[in-house]
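Close look at the chain arrangement
Letter by letter, the chains look like this.
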Amino acid sequence: MMNNLLVLPMLLPIIVGVLLIFLRTYGRIQAWISLIAMALTASISGFLLQQVQMDGIIRLDFGGWEPPFGILFVADSFAVLLVLTSSIVTAICLSYALISTSKELQTMYFYPTVLFLIAGVNGSFLTGDLFNLFVCFEVMLLSSYVLLTLGNSKRQLREAIKYVSINIVSSWFFLVALAFLYGAVGTLNMAHLADRVAEVGQTPLLTTISIVFLVVFSLKAGLLLYFWLPGSYSSPPIVTSALFGALLTKVGIYALFRVFSLIFHHQPEITHTIIGIMAALTLIGGSLGAISFNDLRSIAAYNVVVAVGFILVGLAIATPAAIEGSIYYIIHDMVAKALLFLLIGTMITLSGTSKMAGMSGLMKNYPLLGWSFFIAMLSLAGIPPLSGFIGKVLISSAAIDNGSYVLLALSLLSSIFVLYSLLRVFKNCFWGETIVSKEEQLPLRRGVLIPCLVLVGLTILIGLGTESMSPYVSGAAETLVNPSIYIDAILGKIQ
Amino acid sequence: MESLIIVLVGVLTTVAIYLVLSKNVVRVILGTAILSHAVHLLILSMGGLKLGTVPLLGEEAVKYVDALPQALILTAIVISFAVTAFILVLAYRAYQELGTDNLGAMRGSDDE
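These figures come from a predicted structure and were not determined experimentally.

1. Considerations on the overall build of chain B
Along its length, chain B carries three helices and zero strands. Listing every helix and strand of chain B by position from the N terminus yields α-α-α. Taking 13 Å as the expected radius of gyration for a compact globule of 112 residues, we find that chain B reaches 19 Å, considerably beyond that expectation. Expressed along its principal axes, the backbone C-alpha trace of chain B runs to roughly 70 × 25 × 20 Å.

2. Topic: the overall build of chain A
Looking only at helices and strands, chain A features 20 helices and two strands. In terms of C-alpha radius of gyration, chain A reaches 22 Å, essentially the compact-globule figure of 23 Å for 495 residues. Overall size of chain A, expressed as C-alpha extent along the three principal axes, is 75 × 55 × 45 Å. A buried classification covers 60% of the 495 residues belonging to chain A. In chain A, the proportion of contacts linking residues at least 24 apart, taken out of those at least 6 apart, comes to 81%.

3. A look at the nonpolar core
All names here are of chain A. The biggest cluster of nonpolar side chains holds 216 residues, and the ones touching the most others in it are L178, L312, A338 and L339. With 20 residues, helix α13 (residues 320–351) is the largest single contributor of residues to this core. The residues touching A338, leaving out its near neighbours within four places in the chain, are V89, I92, C93, A242, G245, A246 and L455.

4. Notes on the interface of chain B and chain A
Counting residues at the interface gives 28 residues for chain B and 22 residues for chain A. Of all the secondary-structure elements, those providing two or more residues to the side of chain B that touches chain A are α2 (25–46) and α3 (68–98) of chain B. By residue number, the principal contributor to the side of chain B that touches chain A is α3 of chain B, which donates 15 residues. Its residues placed into classes, the side of chain B that touches chain A shows 20 nonpolar, four polar and four charged.

5. As for unusual backbone geometry
Residues and elements named next belong to chain A. With an omega of 5°, the peptide bond running from P67 to P68 counts as cis. Position of P68 relative to the elements: it lies in the loop between β1 (58–61) and β2 (72–75). Backbone geometry at L224 places phi at a positive 65°, although glycine is not the residue there. By secondary structure assignment, the location of L224 is in the loop between α8 (204–221) and α9 (229–233). For A318, which is not a glycine, the phi torsion comes out positive at approximately 60°. Mapped onto the elements of the fold, A318 is located in the loop between α12 (296–317) and α13.

6. Re helix α4 (residues 103–126) of chain A
Residues and elements named next belong to chain A. For α4, spanning 24 residues, the distance from its first C-alpha to its last is 34 Å, which sits close to the expected 34 Å at 1.5 Å a residue. Along α4, the largest kink reaches about 55° and is centred on Y109; proline P112 follows within four residues of it. For α4, a buried count of 17 out of 24 residues is recorded, marking the element as mostly surrounded by other parts of the structure.

7. Some words on the environment of L21 of chain B
Residue and element names in this part refer to chain B. In this fold, L21 is placed in the loop between α1 (2–20) and α2. What makes L21 exposed here is the crowd of 10 C-beta atoms within 10 Å. The sequence separation of L21 and V7 amounts to 14 residues, and the corresponding C-alpha distance is 21 Å.

8. Some words on the pairing of β2 of chain A
Residue and element names in this part refer to chain A. By the alternation rule, side chains of β2 split into L72 and V74 and F73 and A75, which are all buried. Here β1 pairs with β2 via four bridges, running antiparallel. The residue of β2 that forms the bridge with I58 is A75.

9. Some details on the UniProt feature "transmembrane region" (unreviewed entry) in chain B
Residue and element names in this part refer to chain B. Here the UniProt feature "transmembrane region" (unreviewed entry) sits at residues 6–21, 28–51 and 71–92. Annotated as 94% helix and 0% strand, the span residues 6–21 places its first and last C-alpha atoms 22 Å apart. Within the segment residues 71–92, helix and strand shares are 100% and 0% respectively, and the terminal C-alpha atoms sit 32 Å apart.

10. Some thoughts on the confidence of the model for chain B
Residues and elements named next belong to chain B. Residues at a pLDDT of 70 or more form 94% of chain B, whose mean pLDDT is 87. Predicted confidence in chain B is weakest over α3, with a mean pLDDT of 93, and strongest over α1, with 95. Scored by ipTM, the complex comes to 0.93, with pTM at 0.95.

11. Some remarks on the packing of α12 of chain A against helix α17 (residues 405–430) of chain A
All names here are of chain A. The geometry of α12 relative to α17 is characterised by a closest axis approach of 10 Å and an angle of 160° between their N-to-C directions. Between α12 and α17, the angle is such that the two are roughly antiparallel. As α12 runs across α17, the sense of the crossing is left-handed. Of the residues in α17, those touching α12 at L296, I299, N303, V306, G309, F310, V313, A316 and I317 are L407, S411, S414, V418, S421 and V425. Residue composition of the contact of α12 with α17, grouped by class: 10 nonpolar, five polar and no charged.

12. Some remarks on the environment of A91 of chain B
Positionally, A91 of chain B belongs in helix α3. With 21 C-beta atoms counted inside 10 Å, the residue A91 of chain B sits in the buried group. For the pair formed by A91 of chain B and V28 of chain B, sequence separation is 63 residues and the distance between their alpha carbons is 10 Å. Among residues more than four places away in sequence, those in contact with A91 of chain B are I161 of chain A together with V25, V26, I29 and D101 of chain B.

13. A look at the packing of helix α11 (residues 271–291) of chain A against α17 of chain A
Helix-helix packing is characterised by the crossing angle of the two axes and by the distance between the axes. Residues and elements named next belong to chain A. It is the contact of α11 with α17, at a shortest axis distance of 9 Å, that shows an interaxial angle of 20°. Classified by the angle between their axes, α11 and α17 sit roughly parallel to one another. Two packed elements cross with a definite hand, and for α11 against α17 that hand is left-handed. Of the residues in α17, those in contact with G276, A279, A280, L283, I284, G286, S287, A290 and I291 of α11 are V406, L407, L410, S411, S414, F417, V418, Y420 and S421. Here the residues of the contact of α11 with α17 are counted per class, giving 12 nonpolar, six polar and no charged.

14. Some thoughts on the environment of V185 of chain A
Residues and elements named next belong to chain A. On the secondary structure map, V185 appears in helix α6 (residues 154–185). Distance from V185 to R196, taken between C-alpha atoms, is 7.0 Å for residues 11 residues apart in sequence. Residues within four places of V185 in sequence aside, it is in contact with L193, R196 and V197.

The rules behind the values
- Residues numbered from 1 in each chain as written.
- Chains lettered and ligands numbered in written order.
- Predicted model: local features only at pLDDT ≥ 70, side-chain atom pairs only at ≥ 80, totals over all residues.
- Helix = DSSP H or I, 4+ residues; strand = E, 2+ residues; numbered from the N terminus.
- Rg over C-alpha atoms; globule rule 2.2 N^0.38 Å.
- Buried ≥ 20, exposed ≤ 12 C-beta atoms within 10 Å, placed from the backbone.
- Contact = placed C-beta atoms within 7 Å.
- Core = buried A, V, L, I, M, F, W, Y, C linked by C-beta atoms within 7 Å.
- Nonpolar A, V, L, I, M, F, W, Y, C, P; charged D, E, K, R; others polar.
- Expected span 1.5 Å × (residues − 1).
- Bend = angle between axes of the 7 residues up to and from the residue.
- Pairing = 2+ DSSP bridges.
- UniProt positions renumbered as here; feature names shortened; annotations may be inferred.
- pLDDT = per-residue confidence, 0-100.
- Axes fitted to C-alpha atoms, helices over the stretch in contact; angles between N-to-C directions.
- Parallel < 35°, antiparallel > 145°, perpendicular 65-115°, else oblique.
- Left-handed = near helix turned anticlockwise from the far one by under 90°.

Here it is, written out as structure tokens:
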């Protein structure tokens, strides 16, 4: 009975989303209903997290089909932590949309699409079946296609065609990998796959298949194959960018962690080395991108890329401490990236340009906005009391223990580049000569900073409350490091 | 039989990749449609072709065919159908707004 709750983080957004389609003309009502739905989802996942912490992994077999025969949802701490964080972040982004976006956008099915997106995201986190993961990916991607084109500017249409095409090709690779994997091992249930791959040993054929999966998930996560990311993340309305930056790449990262820690972890000298090299190149490329643009949205988009590289450094090292650090960092990055995008969106609305050259001395006009940006910057750079710190420390110390000095150097250097890129924004846009006088400045729309302040509060809270989060995160890391826990929880009854 | 289908998959993929690499948006979309057909055939042949009868309870057959790939393909077909429909509409809107269906001309600059 309890297990049935597991389907709600995916089902609730879908049901509410369908209902909202009928309320199309009422923008505000839609916003409030979807906010309530996300709050409910967040509290359900909070409850599930407690349950998982007490009783271990929970699973829900749809239609009573025992694994490995049916499709199932699996809740381990890692998945539920991500569901919880993404629900909270989505709720905050929705409240920003309620306050700041145009009525036109709000009545063009914006809220239902966001809910479908989050349904796909939560489904991807919770599913225990590789083909179901593909389906949830597609739910998420289709919603993201719609969100990317909503707003109808020429630039969006242009970027959307590229984004949709690249994702169709990556979905194709996903299907190819699934077909070969099914042909080779004869199952698609993740736990069963892990069991069988461990049984027959990870032969070169299976390693090759795992690399096709690596390509697929890297495309989604923006690991090395991030060429599509800056363009498509910087063209839609800022709320959409914030959602994309906070959630979409994280789903790819989640899939990489799941697949390469649960199923294909027997040949780390091949797979994890490749992941390490890709992460290193991502860090370099993202850092260079972040400092070489004058457009605020491009800078933010390249910051997403840097974070992806950093998180995957943890997977490449793959010691328990590194994995734990990555989990902290994923959670931190969801919050901090949403914050960064929302703040930049507010700055762009206030000054009417997304170029750094058009902004100066905003600190005089909007001090609260300025200091929020300052905190976001420190958090992303990993300064101690804030949320980015613990992840960076754990991954760095694991890199030292493991002797991965190149990755260590690159990840620390990338932090400096992140700090530099944002400091440049801070210095140019907030300090300097105030070009708009107090009388002429655009008024900050009432309440527009509340979502940002909530996120600032969250990043401080995560930083200070690391101690109380640690049982959950170390539980999540333990399941990832010892695949047998996961396998036993799913297949235990049969064996 | 399987080898024949695999060769067919290869041919379809080649054609699709040729189309996807062209500059015309409609050709790219047709390419993605053929690409998905190729992978559907691949999944089908991975399950083995016509090894037994339909998987029904009560039939007195020695061997049953694997039904799972067919279920997978059905799902994949529905998804690729939806995506193709979406990208066709998107291409049409883009053509209306941008006045071109040439991907090279759509590159654009950031100054808009």
